[in-house]
Amino acid sequence: LLPDDTSGELPFLIALHGRNGNKDQDLEYWDVARRRGWLVLAPQSRQALFEGAYCWDDREQGLNDILFHVEEIMQTHNVDRQRVVIAGFSQGSGMAIYTALNGEANARGFIGIGTWWQDPAELAIQRRDLRGYFVTGEKDHTLDRAREIQNVLKQNDIPFTEEVHPDLGHAFPADFERAFDQAIDFIFKENE
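Quick caveat, the model's predicted, so the values are computed rather than measured. (Residues numbered from 1 in each chain as written. Predicted model: local features only at pLDDT ≥ 70, side-chain atom pairs only at ≥ 80, totals over all residues. Heavy atoms only, no water.)

Novice: Tell me about the packing of helix 2 (residues 59-76) against helix 3 (residues 91-102), residues and numbers included.
Specialist: Their axes nearest at 10 Å, the elements helix 2 and helix 3 cross at an angle of 75 degrees. Judged by the inter-axis angle, helix 2 sits roughly perpendicular to helix 3. Each of R59, E60, G62, L63 and I66 in helix 2 lies in contact with helix 3, whose residues at this interface are M95, Y98, T99 and N102. (Axes fitted to C-alpha atoms, helices over the stretch in contact; angles between N-to-C directions. Helix = DSSP H or I, 4+ residues; strand = E, 2+ residues; numbered from the N terminus. Parallel < 35°, antiparallel > 145°, perpendicular 65-115°, else oblique. Contact = heavy atoms within 4.5 Å.)

Novice: Before we move on, could you go through the side chain of S45 and cite the residues and values that matter?
Specialist: Mapped onto the elements of the fold, S45 is located in the loop between strand 2 (39-41) and strand 3 (47-50). A polar contact is formed between the side chain of S45 and the backbone oxygen of C55, at a distance of 2.4 Å. Every residue in contact with S45, bar those within four places of it in the chain, is listed here: H17, Y54, C55, W56 and D65. (Polar contact = N/O pair within 3.5 Å; in protein donor to acceptor, adjacent residues only side chain to side chain.)

Novice: Which residues make up helix 3, and what are the values?
Specialist: Over its 12 residues, helix 3 runs 16 Å from end to end, which matches the ideal 16 Å to within 8%, given 1.5 Å per residue. Within helix 3, 12 of the 12 residues are buried, which leaves it mostly tucked inside the rest of the structure. Considered for burial, the residues of helix 3 that qualify are Q91, G92, S93, G94, M95, A96, I97, Y98, T99, A100, L101 and N102. At the exit of helix 3 stands G103, carrying a positive phi of roughly 95 degrees. (Expected span 1.5 Å × (residues − 1). Buried < 20%, exposed > 50% of the residue type's maximum accessible area, 1.4 Å probe, protein only.)

Novice: With reference to specific residues and values, describe the pattern of salt bridges.
Specialist: Between side chains of opposite charge, pairing is possible as soon as their charged atoms come close. Applying the stated criterion across every chain yields a total of 17 salt bridges. Ionic pairing is found between R34 and D31, a salt bridge with its closest N-O pair at 2.5 Å. Of the two residues, R34 and D31 are both situated in helix 1 (residues 27-35); the distance of 3 residues between them amounts to about one turn of the helix. The exposure class of R34 is buried, given its relative accessible area of 18%. Look at the salt bridges and you will find they share partners, linking D4, D31, R34, R35, R36, E177 and D181 into a network. (Salt bridge = Lys/Arg side-chain N within 4 Å of Asp/Glu carboxyl O.)

Novice: Quick rundown of the packing of helix 1 against helix 5 (residues 176-188)? Include the residues and the values.
Specialist: At a minimum axis distance of 10 Å, the contact between helix 1 and helix 5 shows a crossing angle of 50 degrees. In terms of axis orientation, helix 1 runs oblique to helix 5. Helix-helix and strand crossings are classified by hand; for helix 1 and helix 5 the assignment is right-handed. Counted together, Y29, W30, V32, A33 and R35 of helix 1 and F176, E177 and F180 of helix 5 form the full contact between these two elements. Across the contact of helix 1 with helix 5, the residue classes tally to 6 nonpolar, no polar and 2 charged. (Left-handed = near helix turned anticlockwise from the far one by under 90°. Nonpolar A, V, L, I, M, F, W, Y, C, P; charged D, E, K, R; others polar.)

Bear in mind that shape data such as this cannot, by itself, settle questions of function.
Encoded structure:
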């Protein structure tokens, strides 16, 4: 998604779909970033489950897929490399955190919505100078897994905050625009 004004360096959001999803599934939510002047990349995993449904089960293949598309964008668009954020929903959120911690995408932070990852203990911490923002629902069946991921981040002194919605299940909140703005403020608050 291209912002209306593409002059100058563009902040860059990498938005990952959830398991059983695809690159188009959550674009309506990530359009808030485009409206705020961000270039948005929604890469699709090449790990097909069935027609129209993909996953990030093989994390190394997923990382390679993401980095391929990120490099392509970096070569074709004027990206502000100091304002790169990776985000996702569900398993895509876990993949976003894995990618941010890996360091190869040079993200300043991550946004996780309904975060899930198969084995939080296997998150490879290569980079600590980033910040994270979780959007969680108290009725989300993945909440315990999000807490496990948060514990790994705490143990490694990686700052994050959480926005909790009492009546939200495994979904984006209705007021996601506000959540996005708060996430960006938190990720960049020490850098501006």
